[in-house]
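# Architecture at a glance
If you want the building blocks of each chain, they are given just below.
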Amino acid sequence: MKKWLTSTLVLATAASMLAACGGNKDNSGAASPAESGSAAASPSAGASAQTTPVELTLWVNTKDESAFDKNLRSEFMAEHPDIKLNVIDKSGDTNTEYAIAYAAGVAPDVIDISGPMFKKYIQKGYFAPLDDFIANWPEKDKHTDVFKEIGIKDGTTYGLVTFLGPMMFGYNKALFSQANLQPPKTWDEMIDAAVKLTDRSKNQYGYSMLANDWLDWFFQFYVWQAGGDLTSVKDDGTIELQFTSPAVVKALELYRDLKWKDQVVQSDITLDFNGMVQEFATGKSAMMIFAPDWVPMVASLGMKVEDLGIVPMPIGPSGKPVTSTGVALTAITGNISKEKQQAAWEWIEYRYGRDTITSKLQDQEKKGIVPPQIMIYKDMKQSDIVTLDPAWEEALNEGVSTGRDEYEGKAVLTKYVVAAVQKVLVDKNADIMAELQKQQDLAQKEAVDKYNADVLAGK
């Protein structure tokens, strides 16, 4: 879970979902976000034309994959006897390992990759262009609009989005109903509800606050909602710190007030993510930032599905809705042969086709709760396939239109943001501006100067 929350948090869990959403079992060409081929590759879809078997190497976390995913590969090879899928077990950080494997000439032929790492690798020319394939893809005009542009650089498509997961806001419907409250749409409404739903005699509090070593992933949302960012990006790609900007100060004042003035967060501010989810699922906490694919998790921890409310993030002082969106893309490694690129495209079409998406959702429903997700085809509705709270589906589609990437430079700046926020949460007399300035100065000296030098050097 931590992986998804850091860059994609929305991503490690997301990857498991997208890994199984496959293509049409009848290979009719109805595919979904896919991977690519080079401009020289034949763009034809459908059954393979090669007479010599083509072997595709895939990286798969076999420990966590479902039986559905494994069977899908077997079914594909049975229907495509001239294509062999060679699976290499990979359970580590495949996003970063890919660069090492590419340099060594042992990268997988098809890669599932997070949005931030895709942006980095696309600059290095690791991926093959997909436009010739997409031009002949029967689904190209039905591909969900919000998915289309993310994989494009300078007018050329190098990756196709296979998962898009906006961070949302979760609330306990039962507690809200008992207090005659509506889900919050603004910061003020969130604070008001949190105050009214905090009852220490019942060991119940209004809002779960993530305050551990990667709290900046949640904190950034409030900075955006206040109208700013933790960094700004210059035209040359270098960053400038914004820790002491009005929006960051405003967001940290909100955190301070929730903790010290309103006293509506958990007593143990060191509570980790798993503990936070546990307390929300068991009704101790009334509200928390929430990812749609956490639905099965809270259900497994005892929360009744009918008590779970999911809405877009409350709007802050900026007056504009904004959230983070976890993104996963599929790309084809750019230095493989024409035949492999064609085979890779056929696997993608099969893996992300309508029939497989439908079968995957139905398989998930048989095994438990199906999390709401953005469908990769705009004429498909998840609620037409499986039982789903229509309010979840509506909120998710509303939230995805307000999503953006994490703040630039997060990989090297997390510890400095965390230090400033944690100081304010453990010391009610802490000077917010002084703490932010202190950490900004440290970050500039220890991290940003090198970060910017690497950017300018093309690293």
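None of these values were measured; they are calculated from a predicted model.

### What about the nonpolar core?
- Ranked by internal contacts, the top residues of the largest apolar core, which has 136 residues, are Tyr-207, Phe-218, Phe-219, Tyr-222 and Met-287.
- Apart from the residues within four sequence positions on either side, Phe-219 is in contact with Leu-230, Val-248, Ala-251, Leu-252, Tyr-255, Val-417 and Val-421.

### Observations regarding helix H10 (residues 216-225)
- When you tally the buried positions in H10, you get 10 out of 10 residues, the bulk of the element.
- Buried within H10 are the following residues: Asp-216, Trp-217, Phe-218, Phe-219, Gln-220, Phe-221, Tyr-222, Val-223, Trp-224 and Gln-225.
- Downstream of H10 by a residue or two, Gly-227 has a phi angle that is positive, lying close to 100 degrees.

### Here we look at the packing of helix H3 (residues 67-79) against helix H14 (residues 338-351)
- Where H3 contacts H14, the two axes come as close as 11 Å, and the packing angle between them is 125 degrees. As summarised for this structure, H3 and H14 are arranged oblique, according to the angle between their axes. By crossing handedness, the relation of H3 to H14 is classed as right-handed. Touching Leu-72, Arg-73, Glu-75, Phe-76 and Glu-79 of H3 are Glu-346, Trp-347, Tyr-350 and Arg-351, all from H14.
- When grouped by side-chain class, the residues that make up the contact of H3 with H14 number 4 nonpolar, no polar and 5 charged.

### Quick look at the pattern of salt bridges
- If you walk through the whole model with that rule in mind, you get 17 salt bridges.
- Put simply, Asp-69 and Lys-360 hold a salt bridge, and the shortest N to O gap is 3.8 Å. Taken as a pair, Asp-69 in helix H3 and Lys-360 in helix H15 (residues 354-367) lie far apart in primary sequence, 291 residues in all.
- Under the relative-accessibility criterion, Asp-69 is labelled buried at 6%.
- Residue class for Lys-360 comes out buried when judged on its relative accessible area of 6%.
- Between Lys-367 and Asp-363 there is a salt bridge, and its shortest N-O distance comes to 3.2 Å. One end of the pair, Lys-367, and the other, Asp-363, are both in helix H15, 4 residues apart, so they sit about a helical turn from each other.
- Residue Asp-363 is classed as buried on the basis of its relative accessible area, which comes to 18%.

Conventions we followed
- Residues numbered from 1 in each chain as written.
- Predicted model: local features only at pLDDT ≥ 70, side-chain atom pairs only at ≥ 80, totals over all residues.
- Heavy atoms only, no water.
- Core = buried A, V, L, I, M, F, W, Y, C linked by side-chain atoms within 4.5 Å.
- Buried < 20%, exposed > 50% of the residue type's maximum accessible area, 1.4 Å probe, protein only.
- Contact = heavy atoms within 4.5 Å.
- Helix = DSSP H or I, 4+ residues; strand = E, 2+ residues; numbered from the N terminus.
- Axes fitted to C-alpha atoms, helices over the stretch in contact; angles between N-to-C directions.
- Parallel < 35°, antiparallel > 145°, perpendicular 65-115°, else oblique.
- Left-handed = near helix turned anticlockwise from the far one by under 90°.
- Nonpolar A, V, L, I, M, F, W, Y, C, P; charged D, E, K, R; others polar.
- Salt bridge = Lys/Arg side-chain N within 4 Å of Asp/Glu carboxyl O.

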